[in-house]
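# Geometric and topological summary
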Amino acid sequence: MEEITKSLNFIEHIIEEDLEGSYSKNELRFRFPPEPNGYLHLGHASSICLNFGLGERYDAPVNLRFDDTNPAKEESAYVEAIKKDVAWMGFHWDKECYASDYFEQLYKWAVQLIKEGKAYVDSQSSEEMAKQKGSPTTPGIAGPYRNRSAEENLDLFERMKNGEFEEGVHVLRAKIDMESPNMLMRDPILYRVLHKAHHRTNTDWCIYPMYDWTHGQSDYLEQVSHSLCTLEFLPHRELYDWCLDQLVDKDKLRPKQREFARRNLSHTVVSKRKLLELVEEGVVSGWDDPRMPTISGLRRRGYTPEAIRNFADTVGIAKRENLVDVSLLEFHVREHLNRIAPRVMAVLDPLKVVITNYPEGSEEWLEAENNPGDDQAGSRQVPFSRELYIEKADFKEEANRKFFRLKLGGEVRLKNGYIIKAESCTKDTDGNIIEVQCTYDPKSKSGTGTEESLRKVKGTLHWVSVSHAIPARVNLYDRLFTDENPDGHKDKDFMEFVNTDSLETITAFLEPSLKNVKVGDRFQFQRLGYFNVDKESSSEQLVFNRTVTLRDTWAKIQQKK
RNA sequence: UGGCCUAUGGUGUAAUUGGCAACACAGCUGGUUUUGGUCCAGUCGUUCUAGGUUCGAGUCCUAGUAGGCCAACCA
């Protein structure tokens with residue numbers, strides 16, 4: 001009954017077919033294979049959700065494998081950050097694997113290849129090799145070292161391994177087909193010399209395998225059934241299969257690579273190089289800046305793993321070009337936060353209101369619901385007094401009847417409190433309104449059940465009591481780019497589209513119940529949006545980040561004018 | 001002057017594998033509401049083009065068009 005038959009994506013169709021064919025269900029195994037050379041971002045998130053989602057759907061193990069074959073770029077600090085992010089997303093990996101654990105086996109297989117005449121040591125410069133490689137439209141030609149004897153190749157390769165050569169003087173290449181229409185099959189490089197310490201194998205090796213000589217074999221060694229990667233690896237599939245052809249034991253499961261389109265999100269970039277540029281140019285404060293599309297940035301912004309996973313689920317997976325609108329991501333974070341975030345009152349842009357007929361010096365505590373959609377959420381007390389703050393935008397001297405807020409002579413309800421009426425206002429010498437004088441109806445107090453308390457007035461405002469309010473620093477974030485596809489312009493650099501107003505930091509006034517919040521706590525500031533406590537927050541100085549605003553139909557109406 | 005991949009509302013993804021084009025978001029209209037939030041109801045709008053096969057084509061075939069990927073000792 002609760003079994004909702006969800007439609008399958010094309011990867012799941014492939015798996016279903018395999019299950020009807022030669023695969024049994026317990027042979028299914030997946031992997032998420034990041035290179036530990038940077039932080040995970042939203043693009044990785046869809047791959048994570050795909051692979052681990054498949055694991056959950058088929059009750060199959062999923063390995064977390066670090067593709068660490070290039071010591072020049074990789075660090076163990078990234079390994080730790082990646083593990084943290086995947087765990088935060090709520091996924092559990094079966095084995096924690098490293099491509100570097102397979103270096104010895106990979107080396108042995110390479111030796112075997114040489115003996116079979118399927119690989120050779122090339123001693124040319126990369127420029128010369130590139131020249132011989134031809135182009136997509138012209139075939140390549142053989143280089144002068146292509147037919148070295150197996151003995152010579154073996155000797156050279158061993159000496160490469162032993163550190164006898166400088167970087168760049170020799171490489172090991174597969175001997176495949178210099179005329180293949182697939183550039184990757186034109187004798188791809190399998191090994192290069194790199195005199196660099198590796199974050200795990202240290203200086204044990206000075207030759208390192210290339211991606212193509214590593215990935216399929218790693219999948220094979222781990223007996224991964226379906227190796228899923230993005231579409232730009234599609235041309236690699238032929239090579240992936242060629243490598244496996246050379247060494248697969250027919251009794252063992254042979255992994256298959258399949259490709260899906262990477263997710264592109266509007267108003268952002270996800271390429272590591274570009275994210276790094278944003279950090280280095282100081283456009284953002286770091287990799288976990290709440291405006292960054294990194295997992296750590298989203299976490300700090302207040303996003304929940306559920307929101308990100310639901311987003312990935314509804315977006316799905318396919319093979320065509322795409323540009324998903326961020327509003328879908330925002331929908332999912334609102335949808336989740338609406339269910340879980342306690343409601344509180346905070347004023348971001350204060351305007352003082354004085355209730356002239358409320359006794360001076362007195363105060364009272366009003367009952368306030370924590371979440372109207374959740375009767376388990378309970379309630380709290382908020383203080384009311386003669387002097388309050390409301391939002392500047394919630395008062396106008398004059399306005400038409402579409403303005404459901406406070407205007408002179410008009411009435412409005414203060415949330416959880418009383419109905420008030422604006423009688424007059426005072427201005428500074430520049431004509432700015434600095435205070436509004438109101439009267440209140442003492443019988444209209446919320447929840448008392450009196451006739452007056454049940455009176456309907458158009459408009460309910462949030463507010464805080466001036467004397468009780470806690471000042472807090474609040475970061476108001478907006479989209480990082482003004483263009484929906486900053487990456488998509490041939491003649492313009494993405495940096496030209498940086499939104500210079502993507503961060504506004506203000507001092508806001510919070511209801512006192514927020515005094516003891518913890519880093520990461522999430523709230524709905526009523527009528528404003530969802531906010532969470534930043535890692536820089538302390539009991540002396542509270543700091544909140546705006547995750548996302550509430551849907552705002554009033555703003556839309558105003559925009560239309 | 002090559003090879004490969006892709007094409008479904010504004011966006012993303014489906015379509016029992018050849019049988020009534022659907023779901024979500026966005027938009028719009030109305031209702032409810034002590035959040036212009038939430039919730040509820042309604043509405044808008046789609047198979048790149050031209051042929052072909054078929055009783056029947058989003059799905060298969062051919063050609064075209066458009067977009068993407070491929071020439072790192074990166075992954």
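Below is a summary of the structure that appears in this document. (Residues numbered from 1 in each chain as written. Chains lettered and ligands numbered in written order. Predicted model: local features only at pLDDT ≥ 70, side-chain atom pairs only at ≥ 80, totals over all residues. Heavy atoms only, no water.)

Within the fold, Gln-257 resides in strand β9 (residues 256-260). Here the side chain of Gln-257 touches Phe-233 through a polar contact of 3.0 Å, landing on its backbone oxygen. If we ignore the near neighbours within four places in the chain, the residues touching Gln-257 are Ser-227, Cys-229, Phe-233, Leu-234, His-236, Arg-237 and Tyr-240. (Helix = DSSP H or I, 4+ residues; strand = E, 2+ residues; numbered from the N terminus. Polar contact = N/O pair within 3.5 Å; in protein donor to acceptor, adjacent residues only side chain to side chain. Contact = heavy atoms within 4.5 Å.)

Moving on to the sheet that holds strand β6 (residues 189-193). Pairing in this open sheet of 4 strands is antiparallel, and the strands run β4-β5-β6-β7 from one edge to the other. At either end of the open sheet lies a strand with only one pairing partner, and these are β4 (119-122) and β7 (207-209). Each strand of the sheet is rotated relative to its neighbour by a mean of 20°, with strand direction disregarded. Pairing geometry for strand β5 (residues 171-174) and β6, over 3 bridges, is antiparallel. Note that in β6 the partner of Arg-173 across the bridge is Ile-189. Helix α4 (residues 103-115) rests against β4, β5, β6 and β7 of the sheet, and its axis sits at about 120° to β6. Helix-sheet contacts for helix α6 (residues 150-161) involve β4, β5, β6 and β7, and the interaxial angle to β4 is about 65°. (Pairing = 2+ DSSP bridges. Axes fitted to C-alpha atoms, helices over the stretch in contact; angles between N-to-C directions.)

A full pass over the atoms with the stated rule returns 40 salt bridges. Its salt-bridge partner being Arg-273, residue Glu-277 comes within 3.6 Å of it at the nearest N-O pair. Taken together, the residues span about one helical turn, with Glu-277 and Arg-273 both in helix α9 (residues 272-280) at a distance of 4 residues. Between Glu-364 and Lys-445 there is a salt bridge, with its nearest N and O atoms 3.1 Å apart. Note that Glu-364 is positioned in strand β13 (residues 363-369) and Lys-445 in the loop between β20 (433-440) and β21 (460-461), a separation of 81 residues in sequence. Overall, the relative accessible area of 16% leaves Glu-364 in the buried class. (Salt bridge = Lys/Arg side-chain N within 4 Å of Asp/Glu carboxyl O. Buried < 20%, exposed > 50% of the residue type's maximum accessible area, 1.4 Å probe, protein only.)

Looking now at the sheet that holds strand β1 (residues 30-32). In sheet architecture, strand pairing relies on hydrogen bonds along the backbone and comes in two forms, parallel and antiparallel. If you walk across this open sheet you meet the 3 strands as β1-β2-β3, and the pairing is parallel. Every other strand in the sheet has two partners, leaving β1 and β3 (96-98) as the edge strands with one partner each. When strand polarity is set aside, the average angle formed by the axes of neighbouring strands in this sheet is 35°. Across 3 bridges, strand β2 (residues 62-66) lies against β3 in parallel orientation. Looking at the pairing, Leu-64 lines up with Glu-96 of β3. Across the sheet, helix α3 (residues 76-88) lies against β1, β2 and β3, angled at about 155° from β2, the strand it touches most.

The next subject is the packing of helix α1 (residues 10-20) against helix α2 (residues 42-58). At a minimum axis distance of 12 Å, the contact between α1 and α2 shows a crossing angle of 40°. As judged from the angle between their axes, α1 and α2 are oblique. The handedness of the crossing between α1 and α2 is right-handed. In this structure, α1 uses Ile-11, Glu-12, Ile-15, Glu-16 and Leu-19 to contact α2, whose residues at the interface are Leu-54, Arg-57 and Tyr-58. Each residue belonging to the contact of α1 with α2 can be placed in one class, and the counts come to 5 nonpolar, no polar and 3 charged. (Parallel < 35°, antiparallel > 145°, perpendicular 65-115°, else oblique. Left-handed = near helix turned anticlockwise from the far one by under 90°. Nonpolar A, V, L, I, M, F, W, Y, C, P; charged D, E, K, R; others polar.)

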